[in-house]
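Secondary and tertiary structure notes
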Amino acid sequence: MTGLLGSRPGSGARRRGGSTAGRPYSGIPAWIIVLAAAGALFGLLPLAAMVARINWPQFIPLVSSEPSLAALGLSLRTAAASTALCVLLGVPLALVLARGRFPGQRLLRSFVLLPLVLPPVVGGIALLYTFGRQGLLGRSLEVAGIQIAFSTAAVVLAQTFVALPFLVVSLEGALRSAGSRYEAVAATLGARPTTVLRRVTLPLVLPGLASGVLLSFARCLGEFGATLTFAGSLQGVTRTLPLEIYLQRETDAAAAVALSLLLVAVAVIVVGLSYRRPGPAGPGSAGRAEPARS
Amino acid sequence: MRPGRQAAALVLAASLAAGLLGCSAAARGGGADRTLTVFAAASLKASFTRLAGEFELRNPGVKVRLSFAGSSELAAQITQGAPADVFASADTTNMAKLSDASLTEGAVQDFATNVLTIAVPASNPAAVSAFGDLARPGVKVVICASQVPCGAAARAVEKAAGAALKPVSEESSVADVLGKVISGEADAGLVYVTDVKAAGDKVRGIPFAEAGQAVNTYPIAALRGGRNKELAAAFMATVTGPDGAKIFSDAGFGAPVG
């Protein structure tokens, strides 16, 4: 969540005000620093406590067991597929929300962002009533020979559902702060809307899009509640890493902790990548925009 | 920040702190502590809630606090120092974890048994009528993962029946299995007899002979860390006595073996 909020100013909000002369004002009161330190500690301490519990000699065998690797592989594959789906659906949504003007726009935004605040279990139940065998669309899908229940597709749907708002929020913020001046200029020069989008808008907001992509990927990796409720849990098919951790905890706490660290490591790498762009560079940062994926 | 707000924040913080202190003081309660904390397996929820009510009626001034969760979850909490007087487990394995670690006090007593049954949605879409039907291709069966007691039992009856199940999902709790059957996602699931009984007419139970190959025994024990040994003993006597037996058989549990 902090990454989500933090990514907005970095991706170009600063540009609007033009370049500030010298260093920006940063008179932070001391008591704010104390509270900030407490906040940082609150996040770091549990991680440290977990690392302290790791059984290091057993770590490699635990995380490289067959169920663990199956879960990790499934998590990476489904998160990649879900992120692609998020881009496909989320980029148009963000464009419509940021650039469009139509009645019910605020309402639409609230609904798109709803999964952010919804407990994932609720999302899973909602998906069940939509795509489940007895669900709104599920029945017709089943007639068409498509079965989503208990399939990897169900995992992808669950992850997309919870991760989509992350992409939309990041990108919409970037679009709004980038403004539409360049687009307007391109249009007056005769560029068609699709050309403007491809040649002007998207390159401009690429950093925002990249951080949105990484955040939604991270959210997909961590998805648990909706998957458990909607997709089930079967090794190699629907049992992603968080579900495997939850199950291992029943019998083998050491394995659960080891797998948790693995998930934390992957998440740290992903979130770290989304922060790699130096924030204070300010003007011009929008153009240099290699999405840090490798 | 305006002084008014700061004062309000202070008052709020102070009252919160006072509330917290008040809570812990009440929980400690000195010598006249008449609160009994019972950790019980999730499948015991209905029957233990009834039992605790009767126990409170018979012992005026006594309050029974119940905490329900998966047996392994509760065992883990107790190992980590959660304050409980009595632990009732849905299997002997998790109770053994505690007694091996000397966390129980006195005898471990078995008070009920439970067996698996086939649960199908009320409409029984896959026309399941026997255990063998679960192995039919196209029948979506959901069971518990072998890491949890109901999954171990499912694998045992599968072996006894000689039918190879290909479940579409292995859930981490029996409640999740039942949920998939109630919602109609699954054609059948292996759950406990008591779960089907508690679910009412939302699911149908189909008993099968091989279920007897995996009888789950429910043990209860007082805990070493408990603060109220006398009340704990009295509560355990109610659970293992005739009152308990009546409530458990109403809920579909079997009598303890031996």
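Every chain begins its residue count from 1, and numbering advances along the sequence as written. Ligands are numbered from 1 and chains lettered from A, in the order in which they are written. Side-chain atom pairs in this predicted model are given and counted only at pLDDT of 80 or more, local residue features only at pLDDT of at least 70, and totals for whole chains, interfaces and linings cover all residues. The side-chain numbers reported here are obtained from all heavy atoms of the structure, hydrogens and water having been left aside.

Some words on the nonpolar core
Heads up, the rule is: We call a set of buried Ala, Val, Leu, Ile, Met, Phe, Trp, Tyr and Cys residues a nonpolar core when their side-chain atoms join them within 4.5 Å. Exposure is judged per residue with a 1.4 Å probe applied to protein chains only, and the accessible area is read against the type maximum: over 50% gives exposed, under 20% gives buried, and values in between give partly exposed. For helices the rule is a DSSP run of H or I covering at least 4 residues; for strands it is a run of E covering at least 2, with both sets numbered from the N terminus onward.
Core analysis: the biggest nonpolar cluster contains 39 residues, and Ile118(B), Val128(B), Phe131(B), Leu134(B), Leu190(B) and Phe208(B) have the highest contact counts within it. Listing elements by their share of this core, those giving two or more residues are strand 5 (116-121), strand 6 (141-144), helix 5 (149-161), helix 6 (174-182), strand 8 (188-192), helix 7 (193-199) and strand 9 (203-206) of chain B.

Regarding helix 13 (residues 241-251) of chain A
Most of helix 13 of chain A sits out of view: eight of its eleven residues are buried. Of all the positions in helix 13 of chain A, only Leu241(A), Pro242(A), Leu243(A), Glu244(A), Ile245(A), Leu247(A), Gln248(A) and Glu250(A) are classed as buried.

Some words on the side chain of Ser169(B)
Quick note on the threshold: Polar contacts here mean pairs of N or O atoms no more than 3.5 Å apart (in protein, one a potential hydrogen donor and the other a potential acceptor; neighbouring residues in sequence count only if both atoms are side-chain atoms). Contacts: residue pairs with any heavy atoms within 4.5 Å of one another.
Its place among the elements puts Ser169(B) in strand 7 (residues 169-171). Among the polar contacts made by the side chain of Ser169(B), one reaches the main-chain amide nitrogen of Ser233(A) at a distance of 2.6 Å. Within the structure, Ser169(B) has its side chain in polar contact with the side chain of Glu171(B) (distance 2.7 Å). Other than its neighbours up to four places away in sequence, Ser169(B) contacts Phe150(A), Gly232(A), Ser233(A), Leu234(A), Val141(B), Val142(B) and Ile143(B).

Side note on the pattern of salt bridges
The criterion, for reference: Any Lys or Arg side-chain nitrogen located within 4 Å of an Asp or Glu carboxyl oxygen qualifies as a salt bridge.
One pass over the full model with this rule turns up 18 salt bridges over all chains. With a closest N to O distance of 2.9 Å, Arg133(A) and Asp187(B) form a salt bridge. With Arg133(A) in the loop between helix 6 (120-131) and helix 7 (138-143) and Asp187(B) in the loop between helix 6 and strand 8, the pair connects residues from two separate chains. Residue Asp187(B) is classed as buried on the basis of its relative accessible area of 3%. Note that Arg58(B) and Asp243(B) form a salt bridge whose closest N and O atoms lie 2.3 Å from each other. One end of the pair, Arg58(B), is in helix 2 (residues 45-58); the other, Asp243(B), is in helix 9 (residues 242-251), with 185 residues separating them in the sequence. Given the relative accessible area of 53%, Arg58(B) is considered exposed. It is possible to trace a salt-bridge network through shared partners that takes in Arg239(A), Arg155(B), Glu158(B) and Glu170(B).

Here we look at the domain arrangement of chain B
The test is simple: Start and end positions for the domains come from either an automated domain assignment or a database one.
Domain annotation of chain B identifies domain 1 (32-113 + 217-251) and domain 2 (116-213). The gap between the C-alpha centroids of domain 1 of chain B and domain 2 of chain B is 28 Å.

Some remarks on the sheet that holds strand 6 of chain B
Residues and elements named next belong to chain B. Short version of the rule: Paired strands, as defined in this entry, are two strands with at least two bridges between them according to DSSP. Every angle, taken between N-to-C directions, lies between 0 and 180 degrees, and every axis is a line fitted to C-alpha atoms, over only the stretch in contact when it is a helix.
As summarised here, the arrangement of the five strands in space is 7-6-8-5-9, forming an open sheet in which the pairing is mixed. With one partner strand each, in any of the chains shown, strand 7 and strand 9 form the two edges of the open sheet. On average, adjacent strands in this sheet sit at an angle of 35 degrees to one another, irrespective of strand direction. The pairing of strand 5 with strand 9 spans four bridges and is antiparallel. Within strand 9, the residue paired with Ala-119 across the bridge is Gly-205. Where helix 6 meets the sheet, it contacts strand 5, strand 6, strand 7, strand 8 and strand 9, and its direction lies at approximately 140 degrees from that of strand 8.

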